[in-house]
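Notes for the structure review
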Amino acid sequence: MSIAVNRLAPWQVMRHRPVLAASIFALAQIVAAACWFSLPHHYKADAVVLLDASQNPVQIATNDVQANLLASRVGLLSSRLVAERVIKRLGLDRMAVMQQQWAMLGEGRPSFETWLENVVLGGLIPRATPGSSLVTVSYASPSPEMARAMANAFAEELAFASDQLNRGVDLFAGRAYAEAQEQARSEMRSAHAELAQGSSRAMVVDVVADPDLRAHLQGSNQTSNVVGAFLGQEAINQVLAGKADPGTLLDDAYLLQQRERLSALRTQRAEAVSSMGDQHPIVRALDASTVGLEADIRRYEQKRRASQSTRASGMGQAVRSLQQDDARKQAALLVREQQRQALVSAQQKADLSAERYEDALTQAELTELLKDAPRGDVRVISLSGLPASTWFPSLTYFVPVSVGMGLLLAWIGAYASERRDRRVRSVDELQELVGAPLVGRLGRR
């Protein structure tokens, strides 16, 4: 370190000017003491409240999970609603001193209520730690009694305002439940009237024991059999009407016998022709018998065809009659089934409306029973006591600041005086000024 730098060191400067440095330091402390007594002293009172984020068992309306409970309650604490209740609680609006101070503001002053609310909120210092449920309600005032009263009043009014707001939300929800109850009662009455009307029209019977249904099923089976027989007869008629070989469709015992006789006659004629010739009387007699027998077979076949046609016509009329009867029975059964389905639907609707009415009635009764239960989510943990020491100015920082400023001013004064002094006080300074090495020192006796 050079000699110039060493001369500017605080301990060197103050050692060379001890009287000046001590005087400046003492004067600085006197000024600090004067400032301490002249500055307005404020006292701060702290009340602690707890934010309960859990749902109140008697609270109907639930809190929004996305809302910041801490920020909302701190905002409520600093609101004019709480400030107005604090003013009413402490009677500040009835104090003559406050009215006189407001009157001294002049013509452009705000209303007394607004001015008083701003004054009350001016000393409020809410403190909240993120992630914590504790909120410190602090209030600074020149009077320790006033600071305590205001801090406690703000804490208690915050809890009261939270409870009242939750009650208001629950009251709104309770009115909604009451309206829902009336609507559910009206729907239940309508559903029961519809059920009674459906019960009077519908006849609900067991499917197995229902005689009409059983008769309809039996008639359907009979109709199916008759329709099958009719279709078979129609097929026979179509074959016969087409003049195709009927085969054995018209065969019976008589017709088979006649055809056997016809075959025998034709055999005899062939034998007679081969032995006697075409003009023999026996051959002519056999021809006459054959012609007569063929005519008899044709008449009998025509008779059988007419009988088959008449039978098919009668079966067709029976089929149409049975089908019409089945259609009427089926329509009646469908109407009954529709009435039964309507009755079942009305029963289900009545049951659902009764359940909704029961739920709405339960909610309305529960709301009425719990209307006087507390619903606040803010609880006062501790009220403030009377502050013992000042908050501003505070000795914890005022004394270190005043001592530090006194030492700084003492060094500045000693340094300025030292810069103007041209005296040599040490061997090092002399060696620096002369530039010659030191040979020795002589003591003075």
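Rules and cut-offs
- Residues numbered from 1 in each chain as written.
- Predicted model: local features only at pLDDT ≥ 70, side-chain atom pairs only at ≥ 80, totals over all residues.
- Heavy atoms only, no water.
- Helix = DSSP H or I, 4+ residues; strand = E, 2+ residues; numbered from the N terminus.
- Buried < 20%, exposed > 50% of the residue type's maximum accessible area, 1.4 Å probe, protein only.
- Contact = heavy atoms within 4.5 Å.
- Areas by Shrake-Rupley, 256 points an atom, 1.4 Å probe, with all protein chains shown as cover.
- Axes fitted to C-alpha atoms, helices over the stretch in contact; angles between N-to-C directions.
- Parallel < 35°, antiparallel > 145°, perpendicular 65-115°, else oblique.
- Nonpolar A, V, L, I, M, F, W, Y, C, P; charged D, E, K, R; others polar.
- Phe/Tyr/Trp six-rings, centres within 6.5 Å; stacked < 30°, edge-to-face > 60°.

Brief notes about the overall build of the chain
A tally of helices and strands in the chain yields 13 helices and four strands. Across the 445 residues in the chain, those meeting the buried criterion constitute 31%. Within the chain, contacts between residues at least 6 apart in sequence are counted, and of these 80% link residues at least 24 apart. Put simply, the chain shows about 28700 Å² of open surface, and 58% of that area lies on carbon and sulfur atoms.

Here we look at the packing of helix 5 (residues 80-90) against helix 7 (residues 112-122)
Where helix 5 contacts helix 7, the two axes come as close as 9 Å, and the packing angle between them is 95 degrees. The angle between helix 5 and helix 7 falls in the class roughly perpendicular. Every residue of helix 7 that contacts helix 5 at Arg-80, Ala-83, Glu-84, Val-86 and Ile-87 is listed here: Thr-114, Leu-116, Glu-117, Asn-118, Val-120 and Leu-121. Within the contact of helix 5 with helix 7, the residues separate by chemical class into six nonpolar, two polar and three charged.

Quick word on the packing of aromatic side chains
Per the counting criterion, the structure on display carries five aromatic pairs. A centroid spacing of 5.6 Å and a plane angle of 70 degrees characterise the contact between Trp-102 and Phe-112, whose relative ring orientation is edge-to-face. Of this pair, Trp-102 sits in helix 6 (residues 96-103) while Phe-112 sits in helix 7; the two residues are 10 residues apart in sequence, bridging distant segments of the chain. Measuring from centroid to centroid gives 5.4 Å for Trp-411 and Tyr-415, while their planes differ by 15 degrees, and the two rings are stacked. Taken as a pair, Trp-411 and Tyr-415 lie in helix 12 (residues 395-420) at a separation of four residues, close to a single helical turn. A relative accessible area of 24% places Tyr-415 in the partly exposed class. Put simply, the rings of Trp-102, Phe-112 and Trp-115 pair up and form one aromatic cluster.

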